There are 2 protein chains.
Amino acid sequence: MNDSTQALAHFAATLSVDAIPESVIRRTEDLFLDWLGSALAGKDSRPVEAIARFATSMGPASGPSEILIHRRGTSPLVAAQVNAAASHVAEQDDVHNGSVFHPATIVFPAALAVAQAIGASGRELLTASVAGYEVGIRVGEFLGRSHYRIFHTTGTAGTFAAAAAVGHLLKLTPDQMRHAFGSAGTQSAGLWEFLRDAADSKQLHTAHAAGAGLTAAYLARDGFTGARHILDGPQGLAAGTSTDADARRLDDGLGTRWTLAETSFKFHAACRHTHPAADALQQVLREHRLAAGDIRAITAHVHQAAIDVLGPVVDPQTVHQSKFSMGTVLGLITVQGHAGLAEFDTHWRAEPVRAIHDKVSMRLDAEVDAAYPARWIGKVGVETTDGRRFEGKVLEPKGDPGNTLTRREIEHKALALACYRGAASTEEMQRVIARVWSLADAPSIAHFFAQH
Amino acid sequence: MNDSTQALAHFAATLSVDAIPESVIRRTEDLFLDWLGSALAGKDSRPVEAIARFATSMGPASGPSEILIHRRGTSPLVAAQVNAAASHVAEQDDVHNGSVFHPATIVFPAALAVAQAIGASGRELLTASVAGYEVGIRVGEFLGRSHYRIFHTTGTAGTFAAAAAVGHLLKLTPDQMRHAFGSAGTQSAGLWEFLRDAADSKQLHTAHAAGAGLTAAYLARDGFTGARHILDGPQGLAAGTSTDADARRLDDGLGTRWTLAETSFKFHAACRHTHPAADALQQVLREHRLAAGDIRAITAHVHQAAIDVLGPVVDPQTVHQSKFSMGTVLGLITVQGHAGLAEFDTHWRAEPVRAIHDKVSMRLDAEVDAAYPARWIGKVGVETTDGRRFEGKVLEPKGDPGNTLTRREIEHKALALACYRGAASTEEMQRVIARVWSLADAPSIAHFFAQH
């Protein structure tokens, strides 16, 4: 049966490094370094360490795959789960706009853990990661906006991304890859409900997705079968969790459209849905030299998904929840000039930030919503205490492909993330950075930090 | 907030053995022995052994919790996953009609693994298992028929059942239990799509649910939080996967209605949806002394869910898939007189069985459908080659609470399951049976088979 799922499975199984444009390989290295920083920034995070304690207590005492924040070896499954949990907590990992899927935090933990376990080369790791991105993003696009209203697409589409990356490393045939997709999708899970309570589920979602996808790929190598139409069948994932799924998205431009290169780096340390408005607000503040005391009201004109995800966060109770508060983010931008990790930790509930928070409202905007999710337009209206009104608009937020980060900016961000909780020193990170920039030439992927 | 979820969490956390009627404790022992037989019957099953190979390769070399089919110790997580996979493949594990949830294959693997790890007593194991049954069944009833059309409720509600049982053993507070529910539900997964291809997902669903629920409980003990309204919130499990969820089902009769005692033993080795018709057919064949050669046509008058689950299985390709074929099951009943494990293995595609298979059709029946899922009425119409027409009807299939198995019948069934693949000898099982009948007095749960 030659359908979209088969095409996707065939692509993921047979992708060759020679078929990938050089620029996409370079961008994969960029995203890998960006991810490494996020994974290290998860050190000492309470939910991340809880997942790490549990996973390691149920796993082996040692193993070939490294847990980055603990500098120790374990099994590929445990390493993938812990590194996936760790890399999604600082809210600095990458995102693909059209699918609203965070690929790095799923793909790289699974791919790195398995590459280290089987002695894969850097080129194999990069190729497998591209397969993971291309699959996960297309599944996210396929599941659509209706799915994202209730489901955390990174958790659900993520199982496919991990299965594709790991399946590629394990050299699955196209048929085995399709079985891996079946086992991945029948484990797909992750609900947004946790946002309402500032609960810890987000880290569990990434750990779960990376682990479930890795499991699916290993099982498929061993002959374990899955549903052929797990995505578009009458009792498949879309039938159960989406009302606007479009099967044509699954193999859209495979081999010519590189969705990995459409992935955005996060610049602000907050939910991506806040970034367009944050950039637009920075524009207004800069152009009109406004300070916090000048502000009477800020209206963020947003797409519906921003309201769905950020709307429930009315009064953030934790620093992590405040990263899902449009008011806190725009408050930090206004008062601190920047909404980075340090600004959040120190100022998320400071009085001046809180004062701006209370002046922020979100409003659904027809233009912004129509462009979403392909383009994330930022649009704000600012009213000053002396009655002036300004509007700010950015067509592409900082970090998006058309407004991307330079390698120097990526290095700087990764360094800041690695040092954030002391997970690595500047000197260590400089060695890591050099290794990443030559990843394509590495005969194997030695541990970055673990001694054994 | 004193709502249904809170009531359910409070019940699961604080349930005391003294609050449970003696008859319910005895029935829990019955169900435990019945489950042990099913778990042993999973030995050498290809999908089960694949899951076991993967889980043990990613887990520790030894540990306190036993894998029954391998007679070895491992971590609680790995043991729970493997025993859960093993106990759902023979299609002989128990089922609760109203929720269409298979409790044993989720609850006992998780509870036994953790009880062995923490040195819990037999009474604690039994009490925790009751908590698991009561929670899982109510979550299944809550999710409703619309959920079951696409989702394998045993996989989805199962995470809650495992979390409740393990959470009880870990002595979670009611608040921690609620957090465990949050983490369980945000991992809930399992799609029926695999049935169409006779794929291996069913074993993965039970392994996943037992593992995810166990994970959720351990995380909650460590302070990890989950969504408070994971079941009934606007972005919770029912919002995403059900259109007829009813929150009143969650705490219906807690502490007075013991849903565990409503659970049915499976008598035929096939999908439970085939059992009512199989019993009704046996009645017709017996009363009118009909043999296979007398049959022109059989019509099974069924509820809609039977059509949803069995309908896609038009031409079964494997012995496991044939257990989801109404035609094969009624064929075995007609030709062999019984549809047990041995009959399936030897005769599922035998010509005479196949001939009856082709004469079977299913028809939606208003009376049967209206009674479902509270009562599973069996109704068949049989037309003979000489033009006679007969009707059979059973109000409660063999194994249901009002038509249940005696302890002698349960022992006989468990023995047959244990010996089916040589997982245990008759002598060993006789010792196991004696231990189960005195489980309530056991100071701790030693391994049943593993030496270390």
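What you see is a predicted model, and the numbers here were worked out from it, not measured in a lab. (Residues numbered from 1 in each chain as written. Chains lettered and ligands numbered in written order. Predicted model: local features only at pLDDT ≥ 70, side-chain atom pairs only at ≥ 80, totals over all residues. Heavy atoms only, no water.)

(A) Molecular detail of the UniProt feature "domain: MmgE/PrpD N-terminal" (unreviewed entry) in chain A. Following the UniProt record, one finds the feature "domain: MmgE/PrpD N-terminal" (unreviewed entry) at residues 6–248 of chain A. Across residues 6–248 of chain A, helical content stands at 63% and strand content at 2%; the span's end C-alpha atoms are separated by 12 Å. (UniProt positions renumbered as here; feature names shortened; annotations may be inferred. Helix = DSSP H or I, 4+ residues; strand = E, 2+ residues; numbered from the N terminus.)

(B) Region of interest: the pairing of strand β5 (residues 378–384) of chain B. Residues and elements named next belong to chain B. With respect to burial, β5 is a largely interior element, 7 of its 7 residues being buried. Residue alternation in β5 divides its side chains into two sets, Gly-378, Val-380, Val-382 and Thr-384 and Lys-379, Gly-381 and Glu-383, and both sets are buried. The pairing of strand β3 (residues 295–302) with β5 spans 5 bridges and is classified as antiparallel. Note that in β5 the partner of Thr-299 across the bridge is Gly-381. Where β5 and strand β6 (residues 389–394) come together, 6 bridges link them in antiparallel fashion. Counted as the bridge partner of Val-382 is Phe-390 from β6. Between β5 and β6, which pair antiparallel one after the other, the connecting turn spans 4 residues, and Gly-387 there sits at a positive phi close to 90 degrees. (Buried < 20%, exposed > 50% of the residue type's maximum accessible area, 1.4 Å probe, protein only. Pairing = 2+ DSSP bridges.)

(C) Here's a closer look at helix α3 (residues 46–58) of chain A. The first and last C-alpha atoms of α3(A) sit 19 Å apart over 13 residues, in line with the 18 Å expected at 1.5 Å per residue. Along α3(A), 10 of the 13 residues are buried, which leaves the element largely enclosed by surrounding structure. Where α3(A) is concerned, the buried positions are A:Pro47, A:Val48, A:Glu49, A:Ala50, A:Ile51, A:Ala52, A:Phe54, A:Ala55, A:Thr56 and A:Met58. Contact partners of the buried residues in α3(A): β1 (65–67), β2 (72–74), α4 (76–86) and α9 (201–221) of chain A together with α4 (76–86) and α10 (201–221) of chain B. (Expected span 1.5 Å × (residues − 1). Contact = heavy atoms within 4.5 Å.)

(D) Local environment of the interface of chain A and chain B. Every contact between the two is made by 59 residues of chain A and, on the other side, 59 residues of chain B. Where chain A abuts chain B, roughly 4,600 Å² becomes buried across the two surfaces, and 62% of that area is made up of carbon and sulfur atoms. Scanning the region where chain A abuts chain B turns up 2 salt bridges. Between B:Arg53 and A:Asp222 there is a salt bridge, with the nearest N and O atoms lying 2.8 Å from each other. At the surface where chain A touches chain B, the tally comes to 25 residue pairs in polar contact (both at pLDDT 80 or more). (Buried area = accessible area lost by both parts, 1.4 Å probe. Salt bridge = Lys/Arg side-chain N within 4 Å of Asp/Glu carboxyl O. Polar contact = N/O pair within 3.5 Å; in protein donor to acceptor, adjacent residues only side chain to side chain.)

(E) Representation of the nonpolar core within the structure. Judged by nonpolar contacts, the single largest core of 151 residues is most densely connected at A:Phe32 and A:Phe181. Considering each element in turn, this core owes the most residues, 11 residues, to helix α6 (residues 122–150) of chain A. Apart from the residues lying within four places of it in its own chain, the contact partners of A:Phe32 are A:Phe108, A:Leu112, A:Leu125, A:Val436, A:Leu439 and A:Phe448. The next biggest cluster of nonpolar side chains, apart from the first, holds 149 residues, and it includes A:Phe390, B:Ala39, B:Met177 and B:Leu439. (Core = buried A, V, L, I, M, F, W, Y, C linked by side-chain atoms within 4.5 Å.)

(F) Seen up close, the relation of the copies chain A and chain B. Taken as rigid bodies, chain A and chain B are interconverted by a rotation of 180 degrees and an axial shift of 0.0 Å, the fit giving an RMSD of 0.0 Å. The two molecules are tied by a two-fold rotation axis, judged by turn and shift. When the interface residues of chain A are mapped onto chain B, 100% of them are again interface residues, pointing to one common binding face. (Least-squares fit on C-alpha atoms with pLDDT ≥ 70 in both.)

(G) Region of interest: the pattern of salt bridges. A complete count under the given rule lists 66 salt bridges over all chains for this structure. A salt bridge links B:Asp3 to B:Arg178, with the shortest nitrogen-to-oxygen separation between them at 3.1 Å. In this pair, B:Asp3 sits in the segment before α1 (4–14) while B:Arg178 sits in helix α9 (residues 174–185), placing the two residues 175 residues apart along the sequence. As far as burial versus exposure is concerned, B:Asp3 and B:Arg178 are alike and both buried. A salt bridge links B:Arg249 to B:Glu141, with the nearest nitrogen and oxygen atoms 3.4 Å apart. In this pair, B:Arg249 is assigned in the loop between α11 (237–241) and α12 (275–287) and B:Glu141 in helix α6 (residues 122–150), connecting sequence segments 108 residues apart. Through salt bridges with shared partners, a single ionic network connects A:Glu22, A:Arg26, A:Arg27, A:Glu29, A:Asp30 and A:Arg407.

(H) The arrangement of the environment of A:Arg286 in detail. As for its position among the elements, A:Arg286 is in helix α11 (residues 275–287). Between the C-alpha atom of A:Arg286 and that of A:Gly337, which follows or precedes it by 51 residues, the distance is 9.6 Å.

(I) Expanded view of the domain arrangement of chain A. Residue and element names in this part refer to chain A. Annotation of chain A at the domain level lists domain 1 (4–266 + 413–441) and domain 2 (272–394). Between domain 1 and domain 2, the C-alpha centre-to-centre distance is 30 Å. On the domain 2 side, the residues contacting the 24 residues of domain 1 number 21 residues. Here domain 1 meets domain 2 over a buried area of about 1,900 Å², counting both sides, of which 60% is carbon and sulfur. Linking domain 1 to domain 2 there are 9 residue pairs in polar contact (both at pLDDT 80 or more). At the level of elements, α6, α9 and α18 (407–420) are the ones that each hand at least two residues to the side of domain 1 that touches domain 2. Considering every element that reaches the side of domain 1 that touches domain 2, the biggest residue donor is α6, with 3 residues. Of the residues assigned to the side of domain 1 that touches domain 2, the class counts are 11 nonpolar, 5 polar and 8 charged. (Domains from an automatic or database assignment. Nonpolar A, V, L, I, M, F, W, Y, C, P; charged D, E, K, R; others polar.)

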